[in-house]
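# A look at the structure
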Amino acid sequence: MHFTCTTPLYYANAAPHMGSAYPTIAVDCLTRYYRLLGYQVLMVTGTDEHGEKIATAALKQGLDPQTHCDQIAAEFQRLWQVLNIKYDRFIRTNDPRHAPVVQEFFQRVWARGDIYRAAYEGLYCVDCEEYKDPKDLIQDLCPIHRKPVFLRQEENYFFALSKYQTALEEHFARHPDFVQPVIRFNEVKGWLKEGLRDFSISRAAVRWGIPLPPDPEQTIYVWFDALLGYLTALLAPDDEPCLKNALAGGWPAVHVVGKDILRFHAVYWPAMLLSAGLPLPERIFGHGYLTKDGLKMGKSLGNVLDPFALVEEFGADAVRYYFLKEIEFGQDGDFVRTRFIHTLNADLANDLGNLLNRTLGLLRKNCNNQIPTVTIPLTDPLRQQTEAMTQQTAQAYEGLHFPRACESALEIARFGNGYIDQRAPWKLFKEGHRVEAEAVLYAVLEAVRIAAVLLAPVIPELSGRIWSQLGFAPAAYAQLTWATTEWGGLPSGQTVAQAVPIFLRLEQETLA
Ligand code: MSP
């Protein structure tokens, strides 16, 4: 069973910001979950390096486009390392193996009779790399970038998108989960209802791109180039670069994209694939924006949050946790510093961290740091809660409901805190009820162990620290599978490590 999941290929016009980190964290979390399930996983990410927007950005820096893209791609890779992103493929659309794939694809669509030449005039936003419909403009500005659009007129090659109206309608009807969440699918269906218009897939005045096979005076439009990056990325290192090999490398994929580029992924891309006679993506998930004062955080507006600085200050797991737990994936969400600190303290330092710490303290005092030999009955409430929450977490991951996944795992820790308070094992030890007291400690530590597995896709480092405190060797954590969520995996007799807080409380700054 394979699971291929892609992030968008980020424009190499500027260094990454938190808005570009956010979808990548989500895809990393999802693919880590599928790795735990035992799927053969490919996580694909990369950079979109051709076109006018990139050439202009390079010029502004006084660099040639290639050098500029090398620098930006390196920054993205550095950020993925800092954020602990476990990607398998990083595709740069400037990779020499990409152009033959795009050109082969173009030829297939051309042979199908779906490409024609015509004159076009329209209002263009370079930041979107898209012609805009005048009715979508806000005070004559691009609604996303709030920048002027320019009247353009050129002879271009067009893709006959309108031919695929019915085929797309049929595909959507047959695949009710093709686009998620439902509100986004409705949006996509709405575009289809308005009627599809052919779009231009070449540029006459842009040199930084892939030459159009029948007319090398033009270059291929960045989107007709970048979307193919998802296929090039699937080539094995020594594969001949062609569509057949790419498709064999793990297609179809699940795409995770922001709502601003949903139309390209859910309408243009499937139609292009239908025209080329190739299978469609498995599923497309359209998420919301990280916002600042209600506006999309972005390079063009300059209202960005620096992920490097956040990780430097709080660590990768804290950043991953906040954005996954606090923002419903699919909706917009703001970064609020006080809320960030509060969430991490409440969930990771208190609910989860304290529970582990205090229980290990009792184990040191009463059991010589050894996991006791006990059997916890099926009817034990903490065991039952843990088993129920494990199922809920799995369902949540499958639906990309990251806040609910975190919440379900956390619920185990909250229940565990109540359970230990109520049963008061410290008192039971004192009163000589050793068997009962040991059973409480075992149940709590086992629950924490399982909660750590459930959270491993979100906070891989921290979950690893929990496992090592419970006495497991690093190799055991490195080979983690979802099967380890089964109750009873904590071996009796295992010696635990010294208890140190797994997550230190963060201090709220005193407000002036
Ligand atoms: N290059 C195209 C994608 C081509 S995919 C074949 C592109 N690049 S982008 O860098 O502008 O955006 C990449 C992704 O980052 C998009 O899905 C976009 O929605 C996402 N985000 C950029 N800023 C964002 C926020 N502030 N919040 C959430 N996601 C954001 O589009």
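The paragraphs below set out a description of the structure included in this document. Note that the structure is a prediction, hence the values are computed from the model and not measured. (Residues numbered from 1 in each chain as written. Predicted model: local features only at pLDDT ≥ 70, side-chain atom pairs only at ≥ 80, totals over all residues. Heavy atoms only, no water.)

The next point concerns the nonpolar core. Generally speaking, nonpolar side chains in soluble globular proteins are found buried as a group. Ranked by internal contacts, the top residues of the largest apolar core, which has 174 residues, are M18, F105, W269, F323 and F340. Top contributing element to this core by residue count: helix α17 (residues 434-455), with 15 residues. Filtering out sequence-adjacent residues up to four positions away, F340 remains in contact with F314, A318, V319, Y322, F335 and L506. Counting residues in hydrophobic clusters, the runner-up holds five residues, among them C125, C128, L137 and V149. (Core = buried A, V, L, I, M, F, W, Y, C linked by side-chain atoms within 4.5 Å. Buried < 20%, exposed > 50% of the residue type's maximum accessible area, 1.4 Å probe, protein only. Helix = DSSP H or I, 4+ residues; strand = E, 2+ residues; numbered from the N terminus. Contact = heavy atoms within 4.5 Å.)

Near the ligand, the surroundings consist of 23 residues, among which L9, D48, D260, L290 and M297 are the closest. L290 places a main-chain nitrogen or oxygen 2.7 Å from a nitrogen atom of the ligand. Between M297 and the ligand, the recorded distance is 2.6 Å, taken from a backbone N or O atom to a nitrogen atom. Considered on its own, the ligand offers 650 Å² of accessible surface; in the complex 95% of this is hidden by protein. Only β1 (2-11), α1 (18-36), α7 (222-226) and β12 (253-258) provide two or more residues apiece to the shell around the ligand. Looking at the shell around the ligand element by element, the count peaks at four residues for β1. Tallied by class, the residues present in the shell around the ligand amount to 14 nonpolar, six polar and three charged. (Near = heavy atom within 4 Å. Polar contact = N/O pair within 3.5 Å; in protein donor to acceptor, adjacent residues only side chain to side chain. Areas by Shrake-Rupley, 256 points an atom, 1.4 Å probe, with all protein chains shown as cover. Nonpolar A, V, L, I, M, F, W, Y, C, P; charged D, E, K, R; others polar.)

For the rest of this paragraph, the subject is the sheet that holds strand β9 (residues 202-203). Here three strands make up an open sheet; going across it, the order is β9-β11-β10 and the pairing antiparallel. Of all the strands in the sheet, the pair left with one neighbour each is β9 and β10 (211-212). (Pairing = 2+ DSSP bridges.)

Below, the discussion takes up the packing of aromatic side chains. Per the counting criterion, the structure on display carries 41 aromatic pairs. Between the aromatic rings of Y120 and Y131, the centroid separation amounts to 4.6 Å while the plane-to-plane angle is 70°, which identifies the pairing as edge-to-face. Here the residue Y120 occupies a position in strand β4 (residues 115-125), and Y131 occupies one in strand β5 (residues 130-132), the gap between them amounting to 11 residues. Take Y131: its relative accessible area is 17%, and that puts it in the buried class. (Phe/Tyr/Trp six-rings, centres within 6.5 Å; stacked < 30°, edge-to-face > 60°.)

Let's shift gears to unusual backbone geometry. In this chain, Q180 is followed by P181 through a cis amide linkage whose omega measures -10°. Mapped onto the fold, P181 is located in the loop between β7 (179-180) and α6 (182-194). In the Ramachandran plot, R146 falls in the positive-phi region, its phi being about 50° despite a non-glycine side chain. Turning to its location among the elements, R146 is positioned in the loop between β5 and β6 (150-159). Its identity as a non-glycine residue notwithstanding, A424 has a phi of 40°, on the positive side. Turning to its location among the elements, A424 is positioned in the loop between α15 (402-423) and α16 (425-430).

Attention now goes to the pattern of salt bridges. As enumerated under the stated definition, the model contains 34 salt bridges in all. Salt bridges sharing common partners tie together K325, E326, R339, D347, D351, E407, E411 and R414. (Salt bridge = Lys/Arg side-chain N within 4 Å of Asp/Glu carboxyl O.)

Looking now at the sheet that holds β1. Here six strands make up an open sheet; going across it, the order is β3-β2-β1-β12-β13-β7 and the pairing parallel. Each having just a single partner strand, β3 (89-92) and β7 make up the two edges of the open sheet. Bridging between β1 and β12 involves three bridges; their strand directions are parallel. Bridge pairing in β12 links C5 to V254.

Now for the side chain of T45. Checked against the element boundaries, T45 lands in strand β2 (residues 40-48). In contact with T45, not counting residues within four places along its chain, are T7, P8, L9, Y10, W80, Y87, R89, F90 and I91.

Regarding helix α2 (residues 52-61), the residues found buried are E52, K53, I54, A57 and A58. For α2, the elements touching its buried residues are β1, β2, α3 (65-82), β4 and β6. One or two residues past the end of α2 sits G62, with phi positive at roughly 75°.

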